[in-house]
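Residue-level structural notes
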Amino acid sequence: MKARTLMRLLGAALALMLVAAACGDGDDDGGETADVTAAPTQTAAEPAASDDEPDATADTAATEADDSAPATTAAPAEPADEPDPEPWRIAYLSASSANTFLLASVGEMQRLADENNIELVEFDAQFNAELQTTQLQDAIASGQYDGIILVALNGPGLVPDVEAALASGLQVVLFNQIVGDDLSTNEPQVDGIAASVMAPPVVTGERAGRLTIQACEGLDPCRVVYLFGIRGIPLDVALRQGFDSAVAGHANIEVVAEGEGLYLGPEGGINAIQDILQAQPEFDVVVGADQSLQGVELVLTDESKLDGVALIGLGGSSPAIEGVRDGRWFATVYYAPASEGRLAMEAMIAALRDGTMTGGIDPNANFLDEGLVTSANVDQFTAEWDG
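Report on the accompanying structure.

Criteria and thresholds
- Residues numbered from 1 in each chain as written.
- Predicted model: local features only at pLDDT ≥ 70, side-chain atom pairs only at ≥ 80, totals over all residues.
- Heavy atoms only, no water.
- Helix = DSSP H or I, 4+ residues; strand = E, 2+ residues; numbered from the N terminus.
- Contact = heavy atoms within 4.5 Å.
- Areas by Shrake-Rupley, 256 points an atom, 1.4 Å probe, with all protein chains shown as cover.
- Buried < 20%, exposed > 50% of the residue type's maximum accessible area, 1.4 Å probe, protein only.
- Pairing = 2+ DSSP bridges.
- Right-handed = clockwise from strand over helix to strand, strands pointing away.
- Phe/Tyr/Trp six-rings, centres within 6.5 Å; stacked < 30°, edge-to-face > 60°.
- Lys NZ or Arg CZ within 6 Å of the ring centre and 35° of its normal.
- Axes fitted to C-alpha atoms, helices over the stretch in contact; angles between N-to-C directions.
- Parallel < 35°, antiparallel > 145°, perpendicular 65-115°, else oblique.
- Left-handed = near helix turned anticlockwise from the far one by under 90°.
- Nonpolar A, V, L, I, M, F, W, Y, C, P; charged D, E, K, R; others polar.
- Salt bridge = Lys/Arg side-chain N within 4 Å of Asp/Glu carboxyl O.

**Focus: the overall build of the chain**
Scanning the chain from terminus to terminus reveals 11 helices and 12 strands. Sequence-distant contacts in the chain: of pairs separated by 6 or more residues, those separated by 24 or more amount to 72%. As displayed, the chain has an accessible area near 20700 Å², and 50% of this comes from carbon and sulfur atoms.

Written out as structure tokens, the structure reads:
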């Protein structure tokens, strides 16, 4: 075979091979062909990821997130709470911290003080007028108080000191006792006193006298034992003045004995009536403070004399109200010590807040029958203290 022919045959064979190769390629009709890519050859083993090493990818993402996040503005600080205002400080000058009547008063004063941011400081005069004068002067000089509530033991004698308290800018409220010479009124007798809360003692004595007239009706003579609380103090002088003025026109009434009960409980009345019985064993009426009459009742019961004696108290205490209701006491002049304490503190608060001048207040003025408690009306009264 010639070389040219051989070359033709080889060319034809080569053409057939190219056609066959072209027919074996993936066609467009849906025949799937795996697309395999060879993995790159690793030239060295890569170390395994360690839990102890930082994740660079995570760090990068976190950094990018921080960079893209908006800046955060700190919340404004809460305003500090306003400090509590300084409490008002009130000096309460008591005639006696042991007196059961005044205990009821100070209980109400303290309740209102607690509710109104007031510090109440009590001074105990122990029924010693000179001690109370010193206490009042010390309270003024200390400069520690905004006001003074006073139960005066020596009303006329304390006028200069009350004037000094007012001049120093203190508010002054009186209760139970008068400061001044006129014991027939509860109106303030020193200019600038914010309030004076009390039944005037002369008026109270008159009320006791009116009850005595009732008890003595039909008796002639009607022999009366009169018990002072503390003989000679302005309060008791005024009470006796009112009593005498009420009974003066009744010739059948005669005061046959006097004593002193001391306003501190039954013991004073026990001692007083025992002494009187030795000198004056026969009498028809005993007039005195409720605390004293509790002791008088005990002694007269032991002596089997109670049924023949009319007891007339000053105070309207629980034992007095119960005694009148049960028929063991004839009557009592009603007092409202808790109301007095409340009214005194309310007047002080008003004076401290805006300078209000309340003036004179008689707690008994609006009571039924002016507070003359008898068997006919006793159920209309509720005691404010325990006697």
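**Section: the pairing of strand S10 (residues 331-334)**
Of the two faces of S10, the one holding Ala331 and Val333 and the one holding Thr332 and Tyr334 are both buried throughout. Of the pairings in the sheet, the one linking strand S9 (residues 310-315) to S10 comprises 4 bridges and is parallel in character. Its bridge partner being in S10, glycine 313 is matched across the sheet by threonine 332. Between the parallel elements S9 and S10, the chain passes through helix H10 (residues 318-326) in a crossover that is right-handed. In this sheet, strand S12 (residues 372-373) lies alongside S10 in antiparallel orientation, the contact comprising 2 bridges. What sits directly across from valine 333, in S12, is leucine 372.

**Some points on the packing of aromatic side chains**
All chains considered together, the criterion is met by 9 aromatic pairs. Look at phenylalanine 123 and tyrosine 145: their rings are 6.1 Å apart centre to centre, the planes differ by 70°, and that puts the pair in the edge-to-face class. You can see phenylalanine 123 sitting in strand S2 (residues 118-124) and its partner tyrosine 145 sitting in the loop between helix H4 (129-142) and strand S3 (147-150), a full 22 residues away along the chain. Each member of the pair, phenylalanine 123 as well as tyrosine 145, is classed as buried. The positively charged end of arginine 240 is found above the aromatic ring belonging to tyrosine 226, 4.6 Å away from the centroid.

**Details of the packing of helix H8 (residues 266-279) against helix H9 (residues 290-302)**
To describe two helices that pack against each other, one gives the angle between their axes and the distance between the axes. Where H8 meets H9, the closest approach of the two axes is 6 Å, and the angle between their N-to-C directions is 50°. Considering their axes alone, H8 and H9 lie oblique with respect to each other. When you trace H8 past H9, the crossing you get is right-handed. Where H8 abuts H9, its residues Pro266, Gly269, Ile270, Ile273, Gln274 and Leu277 lie against Gln291, Ser292, Gln294, Gly295, Val296, Leu298 and Val299. Counted by class, the contact of H8 with H9 contains 7 nonpolar, 6 polar and no charged residues.

**With respect to the sheet that holds strand S7 (residues 253-260)**
The sheet built from 6 strands is open, its strands ordered S7-S6-S8-S9-S10-S12 with mixed pairing. Only two strands of the sheet have a single neighbouring strand rather than two, namely S7 and S12. The sheet contact formed by strand S6 (residues 222-228) and S7 spans 7 bridges and is parallel. Pairing of valine 225 across the sheet is with alanine 257, part of S7. Each of S6, S7, strand S8 (285-289) and S9 touches helix H7 (residues 234-247); the most contacted strand, S6, lies at about 165° to it. Against the sheet, H10 contacts S10 and S12, and its axis sits at roughly 140° relative to S10.

**Remarks on the pattern of salt bridges**
Taken as a whole, this structure holds 16 salt bridges when the rule is applied. Between glutamate 370 and arginine 210 there is a salt bridge, with its nearest N and O atoms 3.1 Å apart. Here arginine 210 lies in helix H6 (residues 201-215) and glutamate 370 lies in the loop between strand S11 (359-361) and S12, a separation of 160 residues in the sequence. For glutamate 370, a relative accessible area of 32% corresponds to the partly exposed category. In this structure, aspartate 284 engages arginine 223 in a salt bridge whose closest nitrogen and oxygen atoms are separated by 3.2 Å. Placement of aspartate 284 in the loop between H8 and S8 and of arginine 223 in strand S6 is noted, with a sequence separation of 61 residues between them. On the accessibility criterion, aspartate 284 (13% relative accessible area) is buried.

**Topic: the environment of leucine 306**
Within the fold, leucine 306 resides in the loop between H9 and S9. Excluding residues that lie within four positions of it along the chain, leucine 306 makes contacts with Glu297, Leu300, Thr301, Leu311 and Arg328.

**Remarks on the sheet that holds S3**
Taken together, 6 strands build an open sheet; the order of strands is S2-S1-S3-S4-S5-S11 and the sheet is parallel. A single partner strand is all that each edge strand has here, and the edge strands are S2 and S11. Strand-to-strand twist across the sheet, computed as the mean angle between neighbouring axes with direction ignored, equals 15°. In this sheet, S2 lies alongside strand S1 (residues 88-94) in parallel orientation, the contact comprising 7 bridges. Bridge pairing in S2 places alanine 91 opposite valine 121.

**So, the pairing of S3**
Regular strands place their side chains on alternate faces of the sheet. Going residue by residue along S3, you find Gly147 and Ile149 tucked away on one face and Ile148 and Leu150 tucked away on the opposite face as well. As judged from the 4 bridges shared by S1 and S3, these two strands associate in the parallel manner. Paired with isoleucine 90 across the strands is glycine 147, a residue of S3. Here S3 pairs with strand S4 (residues 171-175) via 4 bridges, running parallel. Counted as the bridge partner of isoleucine 149 is valine 173 from S4.

Note that all results are geometric; they support no functional claim without further evidence.
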